[in-house]
Amino acid sequence: MDAIRIRGGGPLRGAVRISGAKNAALPILCATLLSDGASRLRNVPALRDIDTTAALLRFLGRDVKVAAPEVEVAAGSSVRPEAPYELVKQMRASVLVLGPLVARFGHAKVSLPGGCAIGARPIDQHLKGLEAMGCKIRLERGYVHVEGPGDRGRLRAGEVYFDIPTVTGTENLMMAAALAKGRTTLVNCAREPEVEELARVLNKMGAEVDGAGTDVIHIRGSERGELAPFDHAIIPDRIETGTYMIAAAVAEGGEVTVQGAEVSDIEPLIVKMRAAGVEIATEGQNILVRRNKPLKAVNVTTAPHPGFPTDMQAQFLVLMCFARGESVISETIFENRFMHVPELQRMGASIALRGNTAVVQGVDKLYGASVMATDLRASASLVIAGLVAEDETEVRRVYHIDRGYERIEEKMRGLGAKIERVKGADA
Ligand code: EPU
């Protein structure tokens, strides 16, 4: 396995261009199942999760061509509405094929994802929604079997009340409803920009979706039994944007322009970074991040969008490791999302963990060490810590990073970081 080696040094300077959003591209790739025509996605990031989704779509019988930043998906010669454990365990978002498969073929068999490093992450809300649309659900030998109602399995429009806002749950149900008979209402939906982006694509495909971006979404299913193919360029990745913004601010003197970003999507982070004393100027799709004074400690509580994103918690925590005073970081979305804390403690950070709250006391410096990446965003936080730590930091298990950050070492090097990938270093 590869590792990433970083020699801590001075501040980052220069410009970095943001790639397409992983968490928007994944559901949109799955939405291609709703059509038999050839769809084209543009601005798709070159990431392991995209390759896993392509492999899953091929397994399902689709013809997929990945030539990042473009992906084309067309109907293949056969259809197999089944997502096997081997692929689902590599990437939980594979569950996003469930809604489109049932909608399109009247039945589906998808492996349950199982637990993951950051929390239990059940899919009960996805299943409850499908039941509200007339499906029968059976769990057998680790697989969920879903059968659509009569009329060759065509889903019926329903009213779905989510107990909690769930991003992929909302997306799965939107895709299922896009071919259901009648008008479906989803209540207490996730309001993330990626949900809105999926709605844009479903509307291009001929479904009628309105309300995406609010907590109530209405979807009128297409009468034709399938949707039209589409051509769509994916929105910029707000979490990659935020990750480079934090990397720019972590060392005093940093000055980085993050290019091609969607400023409004990352507003909750901008507000907290400004409160911490980081200078942020925006112009069109560019965000200039400048840090020329000591950081102030600020508190953060993660929340569903438009709250502070859980996917930025680990990176923000690293920033607070260098702030003056004490900051309290509370995680409310996932129950086990502080796996970066013990690694940062090994680098000299002063953090006390109390349940799902981390109390961070700023320190003058961190020290390089060999650390282990445990999930995607935790890995990114360790890379950021390595940028300013004394001596060398080696981040192991970087396959987590490759799931969600396109060419991270190249982009960081472009900003002056001393960072390299060491092939096979993490045996
Ligand atoms: N939940 C349930 N039941 C469900 C679904 C969710 O209890 O049926 C719970 C989860 O366990 C969690 C909360 O609801 O406690 C919110 O989870 P959500 O379903 O919104 O998360 P997700 O859809 O599985 C997406 C992103 C994650 C991101 C979260 C929260 C994708 C592919 N993944 O996951 O991204 O952290 O929303 O914003 O969109 C990442 O990119 O690193 C990542 C983990």
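The structure presented is a predicted model; accordingly, all values stated were derived computationally and were not measured.

Moving on: the site of the ligand. Near the ligand lie 21 residues; those nearest to it are Q125, T166, T168, D311 and I333. One of the backbone N or O atoms of Q125 is found 2.7 Å from an oxygen atom in the ligand. The separation between an oxygen atom of the ligand and a polar side-chain atom of R377 is 2.8 Å. Summarising the interface, the protein chains cover 86% of the accessible area of the ligand, which totals 830 Å² for the free molecule. Counting residues per element, the shell around the ligand draws most heavily on helix 5 (residues 124–132), which supplies 3 residues. Split by domain, the residues of the shell around the ligand number at least three in each of domain 1 (3–19 + 236–422) and domain 2 (22–233).

Turning to the packing of aromatic side chains, a few remarks are in order. If you walk through the whole model with that rule in mind, you get 1 aromatic pair. Considering the side-chain rings of F308 and F316, the 5.4 Å spacing of their centres and the 70° angle between planes classify their relative orientation as edge-to-face. The class for F316 is buried, based on a relative accessible area of 0%. Lying across the ring of Y143, K109 places its NZ or CZ 4.8 Å from the centre.

Taken in spatial order, the 4 strands make up an open sheet running 19-21-23-22, and their pairing is mixed. Only two strands of the sheet have a single partner each, and these edge strands are strand 19 (300–301) and strand 22 (350–354). Relative to strand 21 (residues 326–330), strand 19 is paired through 2 bridges, and the arrangement is parallel. Along strand 21, the bridge assignment pairs T301 with S330. Helix 11 (residues 313–320) rests against strand 19, strand 21, strand 22 and strand 23 (357–361) of the sheet, and its axis sits at about 170° to strand 21.

Looking at the element boundaries, E194 is found in helix 8 (residues 193–204). A distance of 2.8 Å separates polar atoms of two side chains, one belonging to E194 and the other to R238.

Turning next to unusual backbone geometry. For the peptide bond that leads from A68 to P69, omega is 10°, which places it in the cis range. Counting through the fold element by element, P69 comes out in the loop between strand 4 (62–67) and strand 5 (70–75). Across the junction of H305 and P306, the peptide omega takes the value 5°, indicating a cis bond. Examined against the element boundaries, P306 turns out to sit in the loop between strand 19 and helix 11.

Time to look at the environment of C189. Inspection of the secondary structure puts C189 in the loop between strand 11 (183–187) and helix 8. Put simply, C189 and G213 are 24 residues apart on the chain and 8.4 Å apart in space, counted from C-alpha to C-alpha. Dropping the residues within four chain positions of it, C189 is found in contact with F162, P165, T170, T214, D215 and I217.

Here we take up the domain arrangement of the protein. Here the protein is partitioned into domain 1 (3–19 + 236–422) and domain 2 (22–233). With centres defined by C-alpha atoms, the gap from domain 1 to domain 2 works out at 31 Å. Each partner contributes to the interface: domain 1 provides 23 residues, whereas domain 2 provides 21 residues. It is H305, R403 and E406 that lose the most area in domain 1 upon contact with domain 2, and together they represent 32% of the buried surface on that side. Connecting domain 1 to domain 2 are 2 salt bridges. For the salt bridge of D49 with R403, the shortest nitrogen-to-oxygen distance reads 2.8 Å. Linking domain 1 to domain 2 there are 7 residue pairs in polar contact (both at pLDDT 80 or more).

A few words on the pairing of strand 1 (residues 3–7). Summarising the sheet, strand 1 and strand 26 (residues 418–422) pair through 5 bridges and their orientation is antiparallel. Residue pairing for strand 26: A3 is matched across the bridge by V422. With 4 bridges connecting them, strand 1 and strand 25 (residues 392–396) associate as antiparallel partners. When the bridges of strand 25 are listed, I6 appears paired with T393.

Right, let's get into the pairing of strand 25. Bridging between strand 24 (residues 370–372) and strand 25 involves 3 bridges; their strand directions are parallel. Residue pairing across strands places S370 opposite E394, the latter belonging to strand 25. Regarding the hand of the β-α-β motif, the stretch spanning strand 24, helix 13 (residues 376–388) and strand 25 is right-handed.

This part is about the packing of helix 4 (residues 98–105) against helix 7 (residues 167–177). Where helix 4 contacts helix 7, the two axes come as close as 7 Å, and the packing angle between them is 15°. Classified by the angle between their axes, helix 4 and helix 7 sit roughly parallel to one another. Crossing handedness for the pair helix 4 and helix 7: right-handed. Across from L98, G99, P100 and A103 in helix 4, the residues of helix 7 making contact are N172, M175 and A176.

With that settled, the discussion passes to the layout of surface pockets. Put simply, the second largest pocket is a space of about 260 Å³. In terms of lining residues, the second largest pocket is bounded by 18 residues, among which V250, E252, R291, F322 and D364 are the most central.

The rules we used
Residues numbered from 1 in each chain as written. Predicted model: local features only at pLDDT ≥ 70, side-chain atom pairs only at ≥ 80, totals over all residues. Heavy atoms only, no water. Near = heavy atom within 4 Å. Polar contact = N/O pair within 3.5 Å; in protein donor to acceptor, adjacent residues only side chain to side chain. Areas by Shrake-Rupley, 256 points an atom, 1.4 Å probe, with all protein chains shown as cover. Helix = DSSP H or I, 4+ residues; strand = E, 2+ residues; numbered from the N terminus. Domains from an automatic or database assignment. Phe/Tyr/Trp six-rings, centres within 6.5 Å; stacked < 30°, edge-to-face > 60°. Buried < 20%, exposed > 50% of the residue type's maximum accessible area, 1.4 Å probe, protein only. Lys NZ or Arg CZ within 6 Å of the ring centre and 35° of its normal. Pairing = 2+ DSSP bridges. Contact = heavy atoms within 4.5 Å. Axes fitted to C-alpha atoms, helices over the stretch in contact; angles between N-to-C directions. Buried area = accessible area lost by both parts, 1.4 Å probe. Salt bridge = Lys/Arg side-chain N within 4 Å of Asp/Glu carboxyl O. Right-handed = clockwise from strand over helix to strand, strands pointing away. Parallel < 35°, antiparallel > 145°, perpendicular 65-115°, else oblique. Left-handed = near helix turned anticlockwise from the far one by under 90°. 1 Å grid on protein atoms, 1.4 Å probe; cavity = no way out; pocket = protein on both sides within 12 Å on 5 of 7 lines; lining within 4 Å. Points joined across faces, edges and corners; volume = space filled by probe spheres on them.

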